[in-house]
Amino acid sequence: MKYIVIIISFLLASCVSYAEIPVQEKYRSHQVQQGETVYSIAKKYNVSEAAIYRLNPDAKNGIGTHNILIIPSSDIINEGSTPVSFKKHRVRRKETLFSISQKYGVSVDDIKKYNKHLYASSLKKGEKLQIPMLPKTDTPVVTDQGANSNSGSSDYATHTVAPKETKYGIARKYGISIAELETLNPTMSSNLPIGTELKVPNTQVTDTATIEEENFDFYEVQPKEGFFRLKVKLGLSQEEIIALNPYAKDGLKEGMILKIPKEVSDAVSENANKVDLENSITNTEKKRIMVMLPFQLRKAGADSLELQQEVMKNNRLLRISLDFYSGVLMAAEFAKDKGISTYIDVIDTEGNSQQVSAAIQDRNWEDMDAVIGPLLSRNVEKAASMLKSENVPVFSPLSNRNLKLTSNLFQTLPTDGLLEEKMIQYLKDNLGDRNIIVISDKSRAKQRQALLTAFPNAVTLSPREEGFLYVVDIDKVIDRTRENWVVLESEDPIILSNVVGLLNGMPQETHKIRLFTTDKNDSYDFDDVSNRHLARLGFTFPSVSKSYNYSDKDAFVVSYKNKYDVYPNRYAVRGFDLTYDILLRLAAEGNVYDASDDDLETEYVENKFRYSKKMFSGYKNQGFYILKYTEDLQFEEMK
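Summarised in this report is the structure supplied together with it.

This brings us to the packing of helix H15 (residues 316-337) against helix H24 (residues 570-589). It is the contact of H15 with H24, at a shortest axis distance of 7 Å, that shows an interaxial angle of 40 degrees. Classed by the angle they form, the pair H15 and H24 counts as oblique. As for the relative orientation of H15 and H24, their crossing is right-handed in sense. Touching Arg316, Ile320, Asp323, Phe324, Ser326, Gly327, Val328, Met330, Ala331, Ala332, Phe334 and Ala335 of H15 are Tyr571, Ala572, Arg574, Gly575, Phe576, Leu578, Thr579, Tyr580 and Leu583, all from H24. Of the residues in the contact of H15 with H24, the class split is 14 nonpolar, 4 polar and 3 charged.

Below, the structure written as structure tokens:
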């Protein structure tokens, strides 16, 4: 319990010291109430957040309930000359000082004046600028007619974004690259709201900016790729590519958007490059992470340690949240060792969607780099939907259900459907001339059919009416002349124990057997299902994660044990792996969207991350493992 008490104490702590300022007539004091933020307090008193931070410098490290803040009166704010207020801007890919100045109606010199490093160095993607919100004058701001206006040019037209359209489809429609579309529209956001007007060429090469057929997807031509390279990479001939994209008959160019079969697109995303982002750190600016978990601290906030332990014993969500959060904190410490400073804010969602909505509405999300959570699928969908307009990435930490993915939502756990698909593909790639036997019950009828579709010659078995099989049932389908691959599909621990025991008891000299499943569910953890039997059968299955080996002395595992005097469980490891990956992606690219190409795969203690984004949806983690139980009761990753 030591580590849990440490974490609860950290969460419940709300004592923050502030610089002492005499409260005179032109200042007032404010006691922070539950749920209040500096942003909401500034709104309440009609002052700026900067004014509050100037008088309460330690508030930059966070505020807690019952803290006392010194608030300037609005008279002080308005004395003398008109103050300059600022807006934070994060530099996006291909943005220039000129395009940013046009977006905010200020001059390039004004931006440089308040960001003095720009006099000596160039603009970098991901860095944050202070944009002065200067009083409007009668002097017009010069605009780039070539990039923002259609006047005086017949070469360009206006395209109004329609439902389901993306920049990929729009670029394809007008025969230009993504980079060219972004150059024509320097202020274009990554998420195109319906009704947005874009400057485009006045000629188009296709009739639509969407793909209506479900079996097709978009592909962006990479540098130096011609028809020959695409033949090797995609398996599509020049004639097939042109048939789907008639405008490609004049040749391919970098950035061109092609329509290709979906199965080809999925295969391309399989070929990921494993990278170590610790070697790609370029942006060490402080990262801001919001963690939204159902701590339900009001229930755990009792002074008595015995009461806290009783609450935790009976509250599984609280235990999971605390374990996960302990991993988050360790990730921030590891990032700090790499020079990455992190500010972690926490919202206790209490497992309640209303609490999620209220917390989001009460905060300023402008500088938030990422949100981890909420835990429950309905709440994470709610949070992502509400934060979509702010373009804040939201990471679903523990749900493997099929989420309603908005463009800013990252599903970090591969779905059961993906694991099943990958396991079947592994069997197809490696089966050779082996005999395949499918044993399944009624609860796995869908998986049984998928296996029979993939392996029409498979032998099938189902439990007898009594709910189990006899040795004779299995023995009659075993081929003694070759290896037998048995795929077991059930969620019933009785059937699993029955079949595993029978297979293990068959003589290995005449019965060469290896056991598989597309779903290693919780029933495999029942005591009646012997791990030694599974190991002897070379039990192989798909998984979202692998278990760490204590003897490997992984740096995180050792550090966690030293700090909390207990080894991390899978939720703590998950919290570490996910958070550390997010922080490293932010440090490598400045934002997680640019750092989440589907050809990039990262791996940490127990988890892989390789995000694939569909055109009209969010991001799904495609990182998975095929694991085999070895005879020494360890897991071996199969390639």
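Now for unusual backbone geometry. For the bond running from Gly373 to Pro374, omega is 0 degrees, close enough to zero to count as cis. Structurally, the position occupied by Pro374 is in the loop between strand S12 (370-372) and helix H17 (377-387). Positive phi, close to 60 degrees, is recorded for Asn391, a residue that is not glycine. Inspection of the secondary structure assignment puts Asn391 in the loop between H17 and strand S13 (394-396).

Time to look at the packing of aromatic side chains. Within the structure shown, the criterion is met by 24 aromatic pairs. Taking the centre distance of 4.6 Å and the plane angle of 45 degrees together, the rings of Trp485 and Phe516 count as tilted. Note that Trp485 is positioned in strand S17 (residues 484-489) and Phe516 in strand S18 (residues 513-516), a separation of 31 residues in sequence. Like Phe516, Trp485 is buried. Between the aromatic rings of Tyr629 and Phe635, the centroid separation amounts to 4.7 Å while the plane-to-plane angle is 25 degrees, which identifies the pairing as stacked. Classification of Tyr629 as buried rests on a relative accessible area of 8%. For Phe635, a relative accessible area of 31% corresponds to the partly exposed category. Looking at Lys259, its charged tip hangs above the ring of Phe216, at a distance of 4.7 Å from the centre. A cation sits over an aromatic face here: Lys608 above Tyr625, 4.6 Å from the ring centre.

So, on to the sheet that holds strand S23 (residues 619-621). One open sheet holds the 7 strands; their spatial order is S11-S10-S12-S13-S14-S23-S22, and the pairing between them is mixed. Lying at the two open borders of the sheet, with one neighbouring strand each, are strand S11 (342-348) and strand S22 (611-613). Across the sheet, the mean angle from the axis of one strand to that of its neighbour is 25 degrees, orientation sign disregarded. Note that strand S14 (residues 409-411) and S23 share 2 bridges and pair parallel. By the bridge assignment, Gln411 is partnered in S23 with Lys620. Each of strand S10 (287-293), S11, S12, S13 and S22 is contacted by H24, which is oriented at about 155 degrees to S10, the strand it contacts most.

All right, on to the packing of helix H16 (residues 353-361) against H17 then. It is the contact of H16 with H17, at a shortest axis distance of 9 Å, that shows an interaxial angle of 25 degrees. Taken together, the axes of H16 and H17 lie roughly parallel to each other. The two elements H16 and H17 meet at a crossing, and its hand is right-handed. Note on element contacts: H17 touches H16 through Asn379, Lys382, Ala383, Met386 and Leu387, opposite Ser353, Val356, Ser357, Ile360 and Gln361.

Here we come to the nonpolar core. The tendency in soluble globular proteins is for nonpolar side chains to be buried side by side. Ile289, Phe395, Phe556, Phe576, Leu578, Tyr580 and Ile582 are the most contacted members of the largest nonpolar core, which has 47 residues in total. Secondary-structure elements contributing two or more residues to this core are S10, H15, S12, helix H23 (555-564) and H24. In terms of residue count, H24 provides more of this core than any other element does, 12 residues in total. Those residues in contact with Ile582, other than ones at most four positions away along the chain, are Ile289, Ala370, Ile372, Phe395 and Val592. Leu461, Tyr524, Leu537 and Leu627 belong to the second largest nonpolar core, which has 28 residues in total.

Our focus in this paragraph is the side chain of Asn245. Residue placement: Asn245 occurs in the loop between helix H11 (238-244) and strand S8 (257-261). At 3.3 Å, the side chain of Asn245 forms a polar contact with the side chain of Arg172. With sequence-adjacent residues up to four places away left out, Asn245 is seen in contact with Arg172, Ile257, Leu258 and Lys259.

A few words on a nonpolar patch on the surface. A cluster of nonpolar side chains, contributed by Tyr470, Val471 and Val472, occupies part of the molecular surface with about 260 Å² of accessible area. Position of Val471 among the secondary structure elements: in helix H20 (residues 471-475).

In total, this model carries 20 salt bridges according to the counting rule given. Across the pair Lys338 and Glu278 runs a salt bridge whose closest N-O atoms are separated by 3.8 Å. Taken as a pair, Lys338 in the loop between H15 and S11 and Glu278 in the loop between strand S9 (273-274) and S10 lie far apart in primary sequence, 60 residues in all. Given a relative accessible area of 30%, Glu278 falls into the partly exposed group. The shortest N-O distance in the salt bridge between Lys639 and Glu637 comes to 3.5 Å.

Within the fold, Ser377 resides in helix H17. On the basis of relative accessible area, Ser377 is assigned to the buried category, the value being 17%. For Ser377, the contacting residues outside a window of four places in its chain are Ser399, Arg401 and Leu403.

What follows is about H16. Listed as buried for H16 are Val356, Ser357, Ala359 and Ile360. Burial along H16 is one-sided: seen end-on, the buried residues are contained in an arc of 165 degrees. What points out from H16, more than 90 degrees from its buried face, is the exposed set Gln354 and Gln361. Two or three places before Gln354, at the opening of H16, Asn352 has a side-chain oxygen 2.7 Å from that residue's backbone nitrogen.

Each value, and the rule that gives it
Residues numbered from 1 in each chain as written. Predicted model: local features only at pLDDT ≥ 70, side-chain atom pairs only at ≥ 80, totals over all residues. Heavy atoms only, no water. Axes fitted to C-alpha atoms, helices over the stretch in contact; angles between N-to-C directions. Helix = DSSP H or I, 4+ residues; strand = E, 2+ residues; numbered from the N terminus. Parallel < 35°, antiparallel > 145°, perpendicular 65-115°, else oblique. Left-handed = near helix turned anticlockwise from the far one by under 90°. Contact = heavy atoms within 4.5 Å. Nonpolar A, V, L, I, M, F, W, Y, C, P; charged D, E, K, R; others polar. Phe/Tyr/Trp six-rings, centres within 6.5 Å; stacked < 30°, edge-to-face > 60°. Buried < 20%, exposed > 50% of the residue type's maximum accessible area, 1.4 Å probe, protein only. Lys NZ or Arg CZ within 6 Å of the ring centre and 35° of its normal. Pairing = 2+ DSSP bridges. Core = buried A, V, L, I, M, F, W, Y, C linked by side-chain atoms within 4.5 Å. Polar contact = N/O pair within 3.5 Å; in protein donor to acceptor, adjacent residues only side chain to side chain. Patch = residues over 30% accessible without salt bridge, like charges linked within 9 Å, V, L, I, M, F, W, Y side chains within 5 Å. Areas by Shrake-Rupley, 256 points an atom, 1.4 Å probe, with all protein chains shown as cover. Salt bridge = Lys/Arg side-chain N within 4 Å of Asp/Glu carboxyl O. Arc of directions from axis to C-beta.

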